[in-house]
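# Residue-level structural notes
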Amino acid sequence: GAVVSQHPSWVICKSGTSVKIECRSLDFQATTMFWYRQFPKQSLMLMATSNEGSKATYEQGVEKDKFLINHASLTLSTLTVTSAHPEDSSFYICSATRQGQQETQYFGPGTRLLVL
Amino acid sequence: QKEVEQNSGPLSVPEGAIASLNCTYSDRGSQSFFWYRQYSGKSPELIMFIYSNGDKEDGRFTAQLNKASQYVSLLIRDSQPSDSATYLCAVRGWGGGADGLTFGKGTHLIIQP
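Model, not experiment: these values are computed from the prediction.

## Quick notes on the interface of chain B and chain A
- Across the boundary between the two partners, chain B contributes 21 residues, which contact 21 residues of chain A.
- For the pairing of chain B and chain A, the buried interface totals around 1,500 Å² over both sides, and the portion due to carbon and sulfur atoms is 49%.
- Viewed at the interface, chain A and chain B are joined by zero salt bridges.
- Taken together, the connections running from chain B to chain A amount to seven residue pairs in polar contact (both at pLDDT 80 or more).
- Those elements that place two or more of their residues in the side of chain B that touches chain A are strand S4 (32-38), strand S5 (45-50) and strand S9 (85-92) of chain B.

And the structure:
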């Protein structure tokens with residue numbers, strides 16, 4: 001199978017602090033990684049698309065200076081929520097496509113962020 | 001702006017019956033169509049995907065696509081209580097694997113024992 005992990009699984013932080021979320025493909029090299037956000041009772045919304053070694057592509061309305069994405073290797077992408085505020089509280093989910101199997105996105109288990 | 005519409009439900013189906021889930025999409029350029037299942041508090045799990053008009057079957061699941069009507073559906077045969085979840089329809093455009101998915105809000109399905 002294709003396993004994607006995220007760390008941490010949940011985090012509580014104070015308003016104004018920065019939070020880093022890691023997304024790793026454990027048993028495959030990921031061509032592309034994606035970051036989604038899901039608010040309660042809402043759908044998943046694509047935030048950005050990340051390719052190894054290049055700048056992330058952000059969706060309209062997503063602040064690139066607030067949500068920093070670093071895709072350092074073919075198995076790791078990180079999302080840093082800078083100066084987090086309560087409205088950033090959400091479920092952040094990453095996904096990855098596998099080299100040679102780009103039709104399928106494998107989702108990580110998600111990170112629940114609560115900003116106090 | 002791509003939009004994917006689903007009836008939020010809840011859709012209640014007796015155990016053993018066929019559950020029918022529907023989805024419409026706005027972007028005629030959409031090329032790939034996906035059904036995911038999401039349990040409360042968990043991330044989505046892929047059920048199946050479809051590219052071509054017609055039906056695609058995988059076990060108890062059948063996806064149906066009608067590009068002319070911009071309509072996708074998922075049928076679940078012999079519904080089980082473990083099928084109770086939120087079902088998300090998602091579409092993708094021409095970029096293939098380089099493109100993210102546009103999701104609907106999901107249909108909450110309840111299978112009654």
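## Details of the sheet that holds strand S8 (residues 76-81) of chain A
Residue and element names in this part refer to chain A.
- Read from one edge to the other, the open sheet built from four strands follows the order S1-S3-S8-S7, with strand pairing classed as antiparallel. Looking at the sheet topology across the chains shown, the edges are occupied by strand S1 (4-7) and strand S7 (67-73). Each strand axis lies, on average, 15° off the axis of its neighbour in the sheet, ignoring direction.
- Summarising the sheet, S1 and strand S3 (residues 19-25) pair through four bridges and their orientation is antiparallel. Opposite Gln6, over in S3, you have Cys23 as the bridge partner.

## Topic: the sheet that holds strand S3 (residues 19-25) of chain B
Residues and elements named next belong to chain B.
- Pairing within the open sheet is antiparallel, and its five strands lie in the order S1-S3-S8-S7-S6. If you trace the sheet from one side to the other, it starts and ends with strand S1 (4-5) and strand S6 (54-58), each paired once.
- Two strands pair when backbone bridges link them, and S6 and strand S7 (residues 61-66) are joined in this way by five bridges, in the antiparallel orientation. Counterpart to Asp55 in the pairing with S7 is Gln64.

## Concerning the confidence of the model for chain A
- Scored by pLDDT, chain A comes out at a mean of 92, with 98% of its residues at no less than 70.
- Within chain A, the lowest mean pLDDT, 81, falls on strand S10 (residues 101-107) of chain A, and the highest, 97, falls on strand S11 (residues 111-115) of chain A.

## Thoughts on the side chain of Asp83(B)
Residues and elements named next belong to chain B.
- Along the polypeptide, Asp83 turns up in the loop between strand S8 (71-76) and S9.
- Within the structure, Asp83 has its side chain in polar contact with the side chain of Arg60 (distance 2.9 Å).
- When near neighbours in sequence (up to four residues on either side) are disregarded, Asp83 contacts Arg37, Arg60, Ile76, Asp78, Leu109 and Ile111.

## Here we look at the pairing of S5(B)
Residues and elements named next belong to chain B.
- Where S4 meets S5, five bridges bridge the pair, whose relative direction is antiparallel. Considered in S5, the bridge of Trp35 is made with Met48.
- The loop that links S4 with its antiparallel partner S5 comprises six residues; one of these, Gly41, has a positive phi angle of about 80°.

Criteria and thresholds
Residues numbered from 1 in each chain as written. Chains lettered and ligands numbered in written order. Predicted model: local features only at pLDDT ≥ 70, side-chain atom pairs only at ≥ 80, totals over all residues. Heavy atoms only, no water. Contact = heavy atoms within 4.5 Å. Buried area = accessible area lost by both parts, 1.4 Å probe. Salt bridge = Lys/Arg side-chain N within 4 Å of Asp/Glu carboxyl O. Polar contact = N/O pair within 3.5 Å; in protein donor to acceptor, adjacent residues only side chain to side chain. Helix = DSSP H or I, 4+ residues; strand = E, 2+ residues; numbered from the N terminus. Pairing = 2+ DSSP bridges. Axes fitted to C-alpha atoms, helices over the stretch in contact; angles between N-to-C directions. pLDDT = per-residue confidence, 0-100.

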